[in-house]
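# Analysis of the macromolecular model
Residues per chain, in single letters:
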Number of protein chains: 2
Amino acid sequence: MRMSKMLMPTLKEVPSDAEITSHQLMLRAGMIRKMASGVYNQLPMGIRVFNKIQNIIREEMNAKGAQEILCSGLIPSELWKESGRWDVMGPEMFRLKDRNERSYCMGPTHEEVFTDIIRQEVTSYKQLPLNLYQIQVKYRDERRPRFGVMRTKTFTMKDAYSFDVDQEGLDKSYQDMFEAYTNIFARCELENSPVQADSGAMGGSASAEFMVKSEVGEDEIVFCTGCDYAANIEKATSVNHEPSTEEMKEMKEVHTPGVHTIKELVEFFKEDAGKFAKTLIYYADGKTVAVVVRGDRDVNETKVANAIGGAVEFELASESTIKEVTGAEVGFAGPIGIKTDYILIDQEVVDQRNVVIGANKTEYHIENANYGRDFEGTVGDFRNVAEGDKCTKCGSSLEVARGVEVGHIFKLGTKYSESMGATFLDNNGKSQPIVMGCYGIGVERTAAAVIEQHHDENGIIWPLAIAPYHVVVVPVNIKKDEHRENAEKIYEELKAMGVEVLLDDRDERAGVKFKDSELIGIPMRITVGKDIVDGKVEFKLRNSADKEVIGLDEIKSKIESEFEKNNVKLG
Amino acid sequence: MRMSKMLMPTLKEVPSDAEITSHQLMLRAGMIRKMASGVYNQLPMGIRVFNKIQNIIREEMNAKGAQEILCSGLIPSELWKESGRWDVMGPEMFRLKDRNERSYCMGPTHEEVFTDIIRQEVTSYKQLPLNLYQIQVKYRDERRPRFGVMRTKTFTMKDAYSFDVDQEGLDKSYQDMFEAYTNIFARCELENSPVQADSGAMGGSASAEFMVKSEVGEDEIVFCTGCDYAANIEKATSVNHEPSTEEMKEMKEVHTPGVHTIKELVEFFKEDAGKFAKTLIYYADGKTVAVVVRGDRDVNETKVANAIGGAVEFELASESTIKEVTGAEVGFAGPIGIKTDYILIDQEVVDQRNVVIGANKTEYHIENANYGRDFEGTVGDFRNVAEGDKCTKCGSSLEVARGVEVGHIFKLGTKYSESMGATFLDNNGKSQPIVMGCYGIGVERTAAAVIEQHHDENGIIWPLAIAPYHVVVVPVNIKKDEHRENAEKIYEELKAMGVEVLLDDRDERAGVKFKDSELIGIPMRITVGKDIVDGKVEFKLRNSADKEVIGLDEIKSKIESEFEKNNVKLG
């Protein structure tokens, strides 16, 4: 492509509304433009990258025997009603009606549609396993779109669904997708960690998120410093503190006027936070839940929701609810005598002795309360892992980092096949629900994550496999015949080789051209300047400061060797 | 691909709800499945064809220097309000709101979005011309979805927009697109006629539709039997009848009780239909329009709407409006003394003498009325061409046929650039509106039109360039080692050559396999049967009845020569 003819609106300045590097560089390199909050258009330099990522995904999916299909983005509400999700999906789902008042959504995800396709076509175990995928635009009305294409209302997603006769088949399908995802991200040169993720109350049996460590990530990830354990904070566990061996003391009520927070309690009782147990009250689908964790811990809401079998509406209880179940003002809740539907006690609280808890009485706490003797409840892991906790696998310290999710694989099990009647006849002629998995990758987000990892102060440094173009040929001065003509010749020769090449034929200073090619991140640059009289050009890689003067006859092999080195097929 | 592993749900029976051949065959070949009225999912055999058509489009667009981008399908209403179309677009546009009650549509077309992109990036004539395109899903709430993917609520469209500094530039861009479209349809082996189309009242200066003749088409096309003239009926013109040389007679009112229709008039007056002039009354954006055409003619509503400068609401007037403007019951309207805002007289009526018209008086007509002497109005071409009319270019007979529109190119001019402020500074530093064109192709509809032209009683006969697979290898009996093993070997060898090949490794009778491959329409079939003991296989083309026994060593060259013959690149 001749750059003089191209829509390639690079920006010198950092756009003021772009907070993170990838967003800034995508705008500056002319890859994307915002049309509305969370809604972007993809310009030529952008779509080329996104299409390359899609093709890598396609190749790796096909290599695992997955088959591409394309579902409608417009989905009739009936399917969502069958699965029970029409009323469950919140404001994130865009809903609309046709001229006959029939309801649809713009698909935020496609479990229902794939299940519907399969239940119509599959009747026998002989037709399974199947793995179907699509690469398609998803629509999600994000509450807070931000960070450029990282979190948007519309984005391109590869979503795949596997269909197996049993759990063992699903395990194999899941493993295949694990490998495909590992390959896809490796080919994009995106360092990532597959982390264990929560799979929901009624969800499947396993789930992994492919996470890229990033300060701008919206997820908290727990990594072990000693082994390969990694999990989303929603799912992560840590070793329980040793049970206290202290003798149980006599329980007593203490008047604590104006003392509400753990900090105030610590000061009032002159004990450290580990001596307290706090009780939080949640409202979940019409039920109330009290959760008791150590004073220095955070409640893990995902674990709590799973423990009660899942909840659509799940939030901290209102002041009036708290007053109702505790019989006291807010700030004095405790497990003794509380009138909630559920009482959940974190294991650490069980292991504590003589703790301070709320008395369910305004301005009163109780000292020396002990699980078993003074209060009871469902015991489990209901806390968030904190930095420095110990790994349950190896005992080393855990650390907590932020991450961006670029992929997610998930064992769905039979949730959708049961609710929607997707069954097959097994080899005994018995009807069984199909065992499903689902697997997603965000295309634009992957590109953004690659930029976060591959850039310098001058711009993007694209891995060869997903660069918008492989090579840029820069004539130093387009007005000089020998620069222009030789650049043209090289440009045509490289095109004929199957190299994707830009010719910077703009009437601009060389410095401007170099800056643009570095900003856009083209992996290889060939500069045609004064040495051309000796039949020589300058060859430079974007990811290295070195420049090399090479003969015209060396260009081809230079480029071929870069393709080989990067394991990218040419042409 | 191994057919045993493939989601390829072929159907023996013709689905009862599919009226036309392409719809029946797409369903039977397992290419598509319906999810709701006008909403289809694309299965593996379908998406491969649609993707190939997309790639042909891409190649031909790129060859003309067009650049691919991708716009959001979700479009904020603000852009449509700027162009003035938010209130104009009817129920065909899907509208929706986000969680903040902000309005959007799901793009039925993208003039506004492309104009918005360009006005932000283009400031100078030096940046023009540009041609941008996207291949994207469009959403249109069709009143009556039908004929499979021919008319749906969602479909894939390539839409391109050109941006030029002047009309001359637009003419060149338009011609480029005309050529690109001609190439695209030629590569798909789709016979079509580019026909002149209406370009609207305020629209651009030219417009062509690429029409495929078809009984199921929703458009009426006028073709000349003597020259290359072809036009949409909305636009088509024919030679006016010779002016009558009859003497004008005295006008007189005739009592015509119960006589309303032209047929009744013909009987009553014992004259042929050409002796009458009928007056139809329309309601257009609050104005009334009387249109007078010969009794045997149909009013062309597009021409009428254009003549009054376009109208958003345009329909036959209500009974009460007719009574108001004529002062009579319905059935007696005429041009004399009618109280409409416009009176339009078709040229043929001007050329008639002594015609019968309505008297604007209940149960009365007027005989011997003459334009000029007795009534006046705006004269022009307001009639539909009828079969047998004479061509304005060559005088030969015109014929009227139905057609399916697969592509449309259109000179927009400055409609959008003016309303949305997309301007550039010309070489005199003066601000000018960008001159635009727009160009669309329907992807799935093109595939359907190809099927309408390329099939036989056994199924689809895909042109090699867009076939889902090039070759199917059929072992006659999968249980015989020599059949299976040789088929496998051929399959692997062809794959290595870059041929897209199916291996029919299903445990089915050969007849079933042949039937499926013919239904799906795979261009070449290699059958591994009893001759394999002599190192021979059967080679058959889908588009020919001939079978040929060839040696294993001839397979490669046979296939290569088919690619060459069909001008399709291999690998």
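Residues numbered from 1 in each chain as written. Chains lettered and ligands numbered in written order. Predicted model: local features only at pLDDT ≥ 70, side-chain atom pairs only at ≥ 80, totals over all residues. Heavy atoms only, no water.

Now for the overall build of chain A. Helix and strand counts for chain A come out as 14 helices and 31 strands. Seen through its principal axes, chain A has C-alpha atoms that stretch 95 × 65 × 50 Å. Split into buried and exposed, the 571 residues of chain A put 56% on the buried side. A fraction of 69% describes how many contacts in chain A between residues 6 or more apart in sequence connect residues 24 or more apart. Surface summary for chain A: the accessible area is close to 23800 Å², and the carbon and sulfur share equals 45%. In chain A, the 72 positive side-chain charges and the 95 negative ones have mean positions that sit 4 Å from each other. (Helix = DSSP H or I, 4+ residues; strand = E, 2+ residues; numbered from the N terminus. Buried < 20%, exposed > 50% of the residue type's maximum accessible area, 1.4 Å probe, protein only. Contact = heavy atoms within 4.5 Å. Areas by Shrake-Rupley, 256 points an atom, 1.4 Å probe, with all protein chains shown as cover. Lys, Arg positive; Asp, Glu negative; His and termini not counted. Charge placed at Lys NZ, Arg CZ, Asp CG, Glu CD.)

Turning next to the environment of Cys227 of chain A. Residues and elements named next belong to chain A. Assignment of secondary structure puts Cys227 in the loop between strand E11 (219-224) and strand E12 (230-232). Residue Cys227 is classed as partly exposed on the basis of its relative accessible area, which comes to 25%. Between the C-alpha atoms of Cys227 and Gly395, which are 168 residues apart in sequence, the distance is 9.1 Å. What Cys227 contacts, discounting residues up to four positions off in sequence, is Cys391, Lys393 and Cys394.

Moving on: the relation of the copies chain B and chain A. These two copies of the chain differ by a rotation about an axis and a displacement along the same axis. Of the two same-sequence chains, chain B is brought onto chain A (RMSD 0.1 Å, axial shift 0.0 Å) by a rotation of 180°. The superposition operator between the copies reduces to a two-fold rotation axis. In terms of C-alpha distance to the rotation axis, chain B has Leu96 of chain B as its closest residue, with the C-alpha 2.8 Å off the axis. Comparing interface residues between copies, 100% of those in chain B also sit at the interface in chain A, which points to an isologous, same-surface contact. (Least-squares fit on C-alpha atoms with pLDDT ≥ 70 in both.)

On to the domain arrangement of chain A. Domain parsing of chain A yields domain 1 (15-220 + 400-451), domain 2 (252-377) and domain 3 (469-565). In this structure, domain 2 of chain A and domain 3 of chain A have C-alpha centres spaced 68 Å apart. (Domains from an automatic or database assignment.)

In this section: the interface of chain B and chain A. Listed by partner, the interface residues are 51 residues for chain B and 51 residues for chain A. Carbon and sulfur atoms make up 62% of the surface buried where chain B meets chain A, a total of about 4400 Å² over both sides. Where chain B meets chain A, there are four salt bridges. The salt bridge involving Asp98 of chain A is made with Lys153 of chain B; its shortest N-O contact spans 3.5 Å. Here chain B is connected to chain A by twelve residue pairs in polar contact (both at pLDDT 80 or more). Broken down by class, the residue content of the side of chain B that touches chain A amounts to 28 nonpolar, eight polar and 15 charged. (Buried area = accessible area lost by both parts, 1.4 Å probe. Salt bridge = Lys/Arg side-chain N within 4 Å of Asp/Glu carboxyl O. Polar contact = N/O pair within 3.5 Å; in protein donor to acceptor, adjacent residues only side chain to side chain. Nonpolar A, V, L, I, M, F, W, Y, C, P; charged D, E, K, R; others polar.)

Tallied over the entire structure, the rule returns 106 salt bridges over all chains. Note that Glu111 of chain A and Arg85 of chain A form a salt bridge whose closest N and O atoms lie 2.9 Å from each other. Of the two residues, Glu111 of chain A sits in helix H4 (residues 111-121) while Arg85 of chain A sits in the loop between helix H3 (77-83) and strand E5 (94-97), which places them 26 residues apart along the sequence. The class of Arg85 of chain A is buried, set by a relative accessible area of 13%. A salt bridge links Arg58 of chain B to Glu68 of chain B; the nearest nitrogen and oxygen atoms lie 2.9 Å apart. Here Arg58 of chain B is found in helix H2 (residues 44-63), whereas its partner Glu68 of chain B is found in strand E3 (residues 67-68), with ten residues between them in sequence. Looking at Arg58 of chain B, the relative accessible area reads 22%, which means it is partly exposed. On the accessibility criterion, Glu68 of chain B (13% relative accessible area) is buried. Look at the salt bridges and you will find they share partners, linking Arg294, Asp296, Arg297, Lys303, Asp346, Glu348, Asp381, Arg383 and Asp389 of chain A into a network.

Before going further, it helps to examine the sheet that holds strand E14 (residues 277-284) of chain A. Residue and element names in this part refer to chain A. With respect to topology, five strands assemble into an open sheet ordered E16-E14-E15-E17-E20, the strand pairing being mixed. Two strands close off the open sheet at either side, each with one partner strand: strand E16 (314-316) and strand E20 (378-380). Mean inter-strand twist for the sheet, computed between neighbouring axes without regard to direction, equals 30°. In this structure, strand E17 (residues 342-346) lies alongside E20, joined through three bridges in parallel fashion. Bridging from a neighbouring strand, Asp346 pairs with Gly380 of E20. (Pairing = 2+ DSSP bridges. Axes fitted to C-alpha atoms, helices over the stretch in contact; angles between N-to-C directions.)

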